[in-house]
Amino acid sequence: MRPVIPYVTAALLFGLGVYGVLRRRNAVLVLMAVELMLNAVNLILVTADTTAKAALPHGGQVFALFVIVLAAAEIGVGLAIVLQLYRLRASVAVDEVPLAEAPTEVPR
């Protein structure tokens, strides 16, 4: 198998994910872009595992499994933060999040 096609595909996916993280204002879309970047890394790990003969058999697949577990934990924590942000500010726009001041109570 020629590893060029999966590597180029992974590079395109990673580039698309970086573009999504840098350009999107919605926190949910930023989380989706981070997931896209993690899936590109998984593709690289599995491709490298199948093409290179390493001392550790199936090492890339094991690392890909760890990345999948990390992505699931990241989505759980990230969505909890986004829901709390929406509850406090009624918006999930990333550029409207005040990082320097304490949160204030929103009248209901």
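Residues numbered from 1 in each chain as written. Predicted model: local features only at pLDDT ≥ 70, side-chain atom pairs only at ≥ 80, totals over all residues. Heavy atoms only, no water.

Please set out the overall build of the chain residue by residue, giving values where relevant.
Counting its secondary structure elements, the chain contains 3 helices and 0 strands. Counting from the amino terminus, helix and strand elements in the chain follow one another as α-α-α. For the chain, the computed accessible surface area is about 7,900 Å², with 72% contributed by carbon and sulfur atoms. (Helix = DSSP H or I, 4+ residues; strand = E, 2+ residues; numbered from the N terminus. Areas by Shrake-Rupley, 256 points an atom, 1.4 Å probe, with all protein chains shown as cover.)

Quick one: what's the story with the environment of Glu 35, residue by residue and with numbers?
Examined against the element boundaries, Glu 35 turns out to sit in helix H2 (residues 27–51). Separated by 40 residues in the primary sequence, Glu 35 and Ile 75 place their C-alpha atoms 8.4 Å from one another. Once you skip the residues sitting within four places of it in the chain, Glu 35 turns out to touch Ala 71, Glu 74 and Ile 75. (Contact = heavy atoms within 4.5 Å.)

Just give me the short version of a nonpolar patch on the surface, but keep the residues and values in it.
A cluster of nonpolar residues, Phe 14, Val 18, Val 21, Leu 22 and Val 41, forms a patch on the protein surface that exposes about 380 Å² of accessible area. Looking at the element boundaries, Val 18 is found in helix H1 (residues 4–23). (Patch = residues over 30% accessible without salt bridge, like charges linked within 9 Å, V, L, I, M, F, W, Y side chains within 5 Å. Salt bridge = Lys/Arg side-chain N within 4 Å of Asp/Glu carboxyl O.)

Any details on H1? Residues and values, ideally.
Taking 1.5 Å of rise per residue, 20 residues should cover 28 Å, and H1 covers 28 Å from first to last C-alpha, within 8% of that figure. Along H1, the positions that sit buried rather than exposed are Pro 6, Ala 10, Gly 17 and Gly 20. For H1, the buried positions fall inside an angular range of 85 degrees around the axis, keeping them on one side. Opposite the packed face of H1, turned more than 90 degrees from it, sit the exposed residues Ile 5, Leu 12, Leu 16, Leu 22 and Arg 23. The secondary structure elements touched by the buried residues of H1 are H2. (Expected span 1.5 Å × (residues − 1). Buried < 20%, exposed > 50% of the residue type's maximum accessible area, 1.4 Å probe, protein only. Arc of directions from axis to C-beta.)

So what's going on with the confidence of the model for the chain? Which residues, and what values?
Chain-level pLDDT for the chain is 85 on average; 89% of the residues reach the 70-or-more range. Within the chain, the element-level pLDDT minimum falls on helix H3 (residues 59–89), averaging 86, and the maximum on H1, averaging 94. (pLDDT = per-residue confidence, 0-100.)

I'd love a proper account of the packing of H1 against H2, names of residues and values included.
Viewed as axis vectors pointing N to C, H1 and H2 meet at an angle of 160 degrees, and their least axial separation amounts to 8 Å. With respect to each other, H1 and H2 are oriented roughly antiparallel. H2 is crossed by H1, and the crossing has left-handed handedness. Between H1 and H2, the contacting residues are Pro 6, Tyr 7, Thr 9, Ala 10, Leu 13, Phe 14, Leu 16, Gly 17, Val 18, Gly 20 and Val 21 on the first element and Val 30, Ala 33, Val 34, Leu 36, Met 37, Ala 40, Val 41, Leu 43, Ile 44, Thr 47, Ala 48 and Thr 51 on the second. Of the residues belonging to the contact of H1 with H2, the class tally is 18 nonpolar, 5 polar and no charged. (Axes fitted to C-alpha atoms, helices over the stretch in contact; angles between N-to-C directions. Parallel < 35°, antiparallel > 145°, perpendicular 65-115°, else oblique. Left-handed = near helix turned anticlockwise from the far one by under 90°. Nonpolar A, V, L, I, M, F, W, Y, C, P; charged D, E, K, R; others polar.)

Outline H3, supporting the account with residue identities and numerical values.
The end-to-end C-alpha separation of H3 is 44 Å, in line with the 45 Å expected for 31 residues at 1.5 Å each. Taken as a whole, H3 has its buried residues at Gly 59, Gly 60, Ala 64, Val 67, Ala 71, Gly 78, Val 82 and Leu 85. Residues of H3 that are buried in the fold lie against H2.

Could you give an account of the side chain of Thr 47, naming the residues involved and the relevant values?
Considering the arrangement of structural elements, one finds Thr 47 in helix H2. Here Thr 47 falls in the buried class, since its relative accessible area comes to 5%. From its side chain, Thr 47 meets the backbone oxygen of Leu 43 in a polar contact 2.7 Å long. (Polar contact = N/O pair within 3.5 Å; in protein donor to acceptor, adjacent residues only side chain to side chain.)

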